[in-house]
Structure formats: C-alpha cells, structure tokens
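Residue-level structure breakdown
This is what each chain is made of:
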Amino acid sequence: MDLTDRTEHLAFRQEVRQFLDKHKATAPEETAHSFRLSPRPYTDTVKAWQKLLVKNGYAGRTVPKAYGGYGAEPDILKNRIIADEFFAADIPQGLYSQGISMLVPTLLEHGTEEQKKTWIGPTIRGDVMWCQGYSEPNSGSDLASLQTSAIEDGDDFLINGSKIWTSSAHITPMIFCLVRTEPDASKYQGISYLIFPMDTPGIDVRPLQTMTGHPSFNEVFFTDVRVPKNAVVGGRGNGWKVANSTLKHERGMLSNANGSLERLNKISTLLKKEMLDGRPLWENKNLTDRFVSLQARVQAMRFHEMRLLTRTKDGKAPGLGDMICKLLGCELNHQLDALAIDALGEIGVLYDGIPSAKEDGIWQQWYMYDLGLIIGGGTAQIQKNIIAERGLDMPREPRHQKGS
Ligand SMILES: Cc1cc2nc3c(=O)[nH]c(=O)nc-3n(C[C@H](O)[C@H](O)[C@H](O)COP(=O)(O)OP(=O)(O)OC[C@H]3O[C@@H](n4cnc5c(N)ncnc54)[C@H](O)[C@@H]3O)c2cc1C
C-alpha cells in the first residue's frame with residue numbers, strides 16, 4: 001500500500017497538527033490507559049477533552065450525527081493520520097473502553113433506533129460507562145455454555161445467575177450482558193444480549209482484587225433482576241451473533257502497534273538514562289539484544305497492521321488478521337514490560353506506593369495488567385486454536401461431546 005499522502009490527505013494532516021497545536025494545553029495528563037489500569041469514573045478534564053475530540057471529528061468520527069457522533073465518511077487513511085499525529089505529539093487521542101470501543105459499534109450494527117439514540121452519544125462523550133457481563137464461573141473460553149437465565153415475565157425478563165471477571169462493574173452505571181432466554185434451544189441459539197442499568201434491584205457487585213493491587217474486575221450476582229424486553233439488542237435468541245460482533249471489536253481494542261511502539265520508545269529512553277557500573281544500560285549487550293529483537297517484532301506488527309489496512313481499503317474483510325494482532329500484540333506488550341523491569345534491576349521489583357519505585361512503578365503495573373490482557377477477550381490458546389483451524393486449515397481439535 002502506498003502511504004504517501006495525496007493532496008487531500010496532506011491538507012488533512014495539517015488540519016490535525018493545527019488542532020493539536022491549538023488545544024494541546026487542555027489535553028489531560030491521564031490517558032485512557034491509566035483509567036484501564038485503575039478503573040474509576042472519568043474526571044471532568046478527561047470528559048471535556050473527549051467532548052472536544054468528538055466535536056472536531058477525532059473521536060466518534062464515523063458515528064452518525066443523529067447519534068451524537070461527527071458523521072464523517074469512513075476513510076481509513078484519515079484514521080491512520082489522526083492516530084499517528086496524536087501519537088507523534090504525545091497527546092492522548094481519546095477514550096477507549098468497553099462502552100466506546102465495543103458496545104457502540106455493536107449498537108450501530110445491531111441496535112434499535114431507540115437504543116442508538118439513547119446510548120451512543122452519552123457513551124462516546126464519556127458520560128456513561130459500561131461493563132461487559134459475558135464470563136461466568138463455569139463459562140469462560142466456552143462462553144456459549146453460559147447459564148445465567150432470563151425468564152419471560154409479562155413485559156419483562158427476570159434474570160438469575162452470576163457473572164465473573166466483570167471489569168469495572170463496581171463503577172459503571174450500565175451493563176451489556178449475555179443471558180439464556182430460550183432454555184430449550186440449542187447452545188448457540190438460546191442466548192440474548194441485554195443492556196440495563198447496574199442499579200436495577202437484585203444486582204450485587206463484589207469487587208475482586210487482582211494482582212495489580214487494584215479492584216479492576218468483579219463478581220456480579222443477579223437475583224430476580226427485572227429488565228424490560230426492549231432491552232434486547234439484535235433480537236431475542238440472536239445474542240451469540242451480537243456477542244461475536246462485540247468480541248471482534250474487543251480484540252481490536254486490546255492491542256495496537258502504536259501503543260507497542262510507544263512502550264519501545266520509553267524503554268529506549270530508560271536504557272539510555274539508567275546506569276550500571278558507570279555505563280549506560282544501552283551498552284549492556286544482553287539488554288540491547290532483547291531490545292533489538294522486540295523492536296523487530298514491533299515493526300512486524302506495524303507492517304501487519306498496514307497489510308490489514310490495505311485489505312480494508314480494497315473492501316476485503318480482515319480475516320483472522322485481527323486475531324493475530326490480539327494474540328501477538330498482547331504478548332509483545334508483556335515482553336516489553338518485562339524488559340523494562342529487568343532493566344530497572346532491583347528497583348524493578350518495587351511496587352505501588354513505594355517512594356523509590358521509578359516512574360511511579362508504572363512498568364510493574366503494566367507487567368501485571370498486560371498479563372491479564374493475554375487472557376481477557378479470549379485466551380492466547382483459544383486464539384491459536386482459531387487461527388490454526390480457520391486460518392491455516394489445520395485439523396480441528398477434539399470437541400467435548402454432550403453426555404460423554
Ligand atoms: C484482565 C481481564 C479482564 C476481563 N474482563 C472481563 C469482562 O469485563 N467481562 C467478561 O465477561 N469477562 C472478562 N474476563 C474474562 C475472560 O474473558 C476469561 O478469563 C477468558 O475468556 C478465559 O476464561 P476462563 O478464565 O474461564 O478460563 P478457562 O476457559 O477455564 O481456561 C483455563 C485455561 O485453559 C485453556 N483452555 C480452555 N479451553 C481450551 C481449549 N479448547 N484449547 C486449549 N486451551 C484451552 C485456556 O487458554 C486457559 O489457559 C476478563 C479476564 C481478564 C484476565
């Protein structure tokens with residue numbers, strides 16, 4: 001793909017740069033990433049920045065105006081220019097979250113007109129946060145075996161059951177949730193996708209401490225939770241299809257080459273700044289060998305993304321290319337974090353709140369958190385199975401037979 005800017009794109013790049021020059025002073029210091037590391041409601045500064053981005057087409061860019069977006073025509077090169085210019089200026093491009101990055105595109109694809117009008121605008125502006133109620137204690141990788149039930153009762157469903165690993169459920173006012181509405185239908189047919197408020201009576205949220213030291217996910221229990229039937233997205237019993245649309249967007253959210261490059265650049269600064277026996281770490285052969293090998297992988301991810309961009313531009317589906325981004329990108333980030341921690345030597349094992357930890361212990365937090373992302377959104381093993389079976393045409397692994 002030829003990435004040289006054409007006249008229209010050159011002008012657009014200038015426009016983005018001018019916007020950044022004019023507004024950089026009001027950009028928040030906190031990034032979307034810091035809210036994911038330690039989930040909490042968005043601050044007013046972050047929300048004001050997000051609103052400015054939506055208004056100018058740098059967030060919610062292709063979301064129709066009728067639903068609160070900017071209403072631009074899809075243009076993948078412009079998207080790339082925006083991402084690259086914000087990255088080069090070291091300015092946060094805006095929020096990504098389960099609501100913004102996963103639910104909004106799902107609603108655009110499957111939601112009713114009323115659902116789109118009610119939820120998309122407030123979500124992309126950062127005013128409403130969402131959690132994702134998919135996993136259950138006995139249904140993770142085999143998600144379609146989920147058992148939380150929603151039984152019809154007049155104009156409502158009555159929900160009973162429980163979810164686990166529900167990120168941010170302790171702070172989000174809304175949930176998108178998979179439930180079984182047709183107990184007699186086959187495994188994939190009986191599921192529905194519901195959206196409802198977390199303060200509905202009968203919901204009990206219990207935070208779980210992760211190894212990051214922060215409560216980032218939760219157990220959620222439902223006892224006779226009454227939700228109106230019009231809370232179904234994409235039609236009753238059609239939830240598996242809708243859920244997969246959300247999962248596709250989740251994989252896209254969990255890794256991107258610019259994010260990996262940002263870490264690599266930070267490590268380069270770290271290796272040049274930190275000293276060992278009076279010499280900069282940059283001269284330590286073990287560390288630089290690891291650095292160069294990771295640098296090659298970051299570049300490979302960038303080229304892989306460009307290949308996907310070319311496919312999209314040519315009107316082709318990304319195929320399993322997105323899964324490769326999720327699988328390799330999340331593992332790559334974790335290995336980058338590990339290099340930074342090793343470079344910090346004995347200081348690398350200090351954690352949260354210890355004053356002598358370097359850079360507020362951010363590498364240690366990322367190291368713990370990024371391990372979770374290799375699991376969340378579908379584990380690395382499951383991604384490998386799918387890539388092998390559907391992408392490389394390898395034999396399917398034996399499936400568990402009912403009753404065996
Ligand atoms: C940080 C984080 C955030 C999360 N956030 C959410 C959230 O917001 N909402 C939500 O619903 N869920 C969330 N999850 C849950 C996540 O989706 C599940 O943990 C994941 O799908 C795996 O399910 P499980 O934990 O039940 O593991 P299991 O499915 O029990 O798997 C256990 C191990 O067995 C392996 N395994 C299982 N089946 C196979 C197979 N067929 N072939 C090879 N290996 C296999 C897995 O790879 C894994 O290593 C989150 C998880 C993490 C870590």
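Keep in mind it's a predicted model, so treat the numbers as computed, not measured. (Residues numbered from 1 in each chain as written. Predicted model: local features only at pLDDT ≥ 70, side-chain atom pairs only at ≥ 80, totals over all residues. Heavy atoms only, no water.)

Regarding the site of the ligand
What surrounds the ligand is a group of 19 residues, the closest being Gln132, Ser135, Ser141, Trp165 and Thr379. Here a nitrogen atom of the ligand and a backbone polar atom of Trp165 are 3.0 Å apart. Contact with the protein chains covers 67% of the free accessible surface of the ligand, which is 980 Å². Of all the secondary structure elements, the ones that give two or more residues to the shell around the ligand are helix H11 (362–375) and helix H12 (380–391). Broken down by element, the residue count for the shell around the ligand peaks at three residues, all from H12. Grouping the amino acids of the shell around the ligand by side-chain chemistry returns five nonpolar, 13 polar and one charged. (Near = heavy atom within 4 Å. Polar contact = N/O pair within 3.5 Å; in protein donor to acceptor, adjacent residues only side chain to side chain. Areas by Shrake-Rupley, 256 points an atom, 1.4 Å probe, with all protein chains shown as cover. Helix = DSSP H or I, 4+ residues; strand = E, 2+ residues; numbered from the N terminus. Nonpolar A, V, L, I, M, F, W, Y, C, P; charged D, E, K, R; others polar.)

Some points on the packing of helix H10 (residues 321–343) against H12
Taken N-terminus to C-terminus, the directions of H10 and H12 make an angle of 145 degrees; their axes are 10 Å apart at the nearest point. In the crossing of H10 with H12, the sense of the turn from one axis to the other is left-handed. Across the interface between the two elements, Met323, Ile324, Lys326, Leu327 and Glu331 from H10 touch Ala380, Gln383, Lys384, Ile386 and Ile387 from H12. For the contact of H10 with H12, the residue count by class is six nonpolar, one polar and three charged. (Axes fitted to C-alpha atoms, helices over the stretch in contact; angles between N-to-C directions. Left-handed = near helix turned anticlockwise from the far one by under 90°. Contact = heavy atoms within 4.5 Å.)

Things to note about the packing of aromatic side chains
Summed over all chains, the structure comprises 13 aromatic pairs. Measuring from centroid to centroid gives 5.2 Å for Trp282 and Phe291, while their planes differ by 70 degrees, and the two rings are edge-to-face. Between Arg40 and the ring centre of Phe35, over which it is positioned, the NZ or CZ distance is 4.3 Å. (Phe/Tyr/Trp six-rings, centres within 6.5 Å; stacked < 30°, edge-to-face > 60°. Lys NZ or Arg CZ within 6 Å of the ring centre and 35° of its normal.)

Remarks on the UniProt feature "domain: Acyl-CoA dehydrogenase/oxidase C-terminal" (unreviewed entry) in the protein
Within this structure's numbering, the places UniProt gives as "domain: Acyl-CoA dehydrogenase/oxidase C-terminal" (unreviewed entry) are residues 237–391. Regarding residues 237–391, the helix share stands at 72% and the strand share at 3%, and the terminal C-alpha atoms are separated by 28 Å. (UniProt positions renumbered as here; feature names shortened; annotations may be inferred.)

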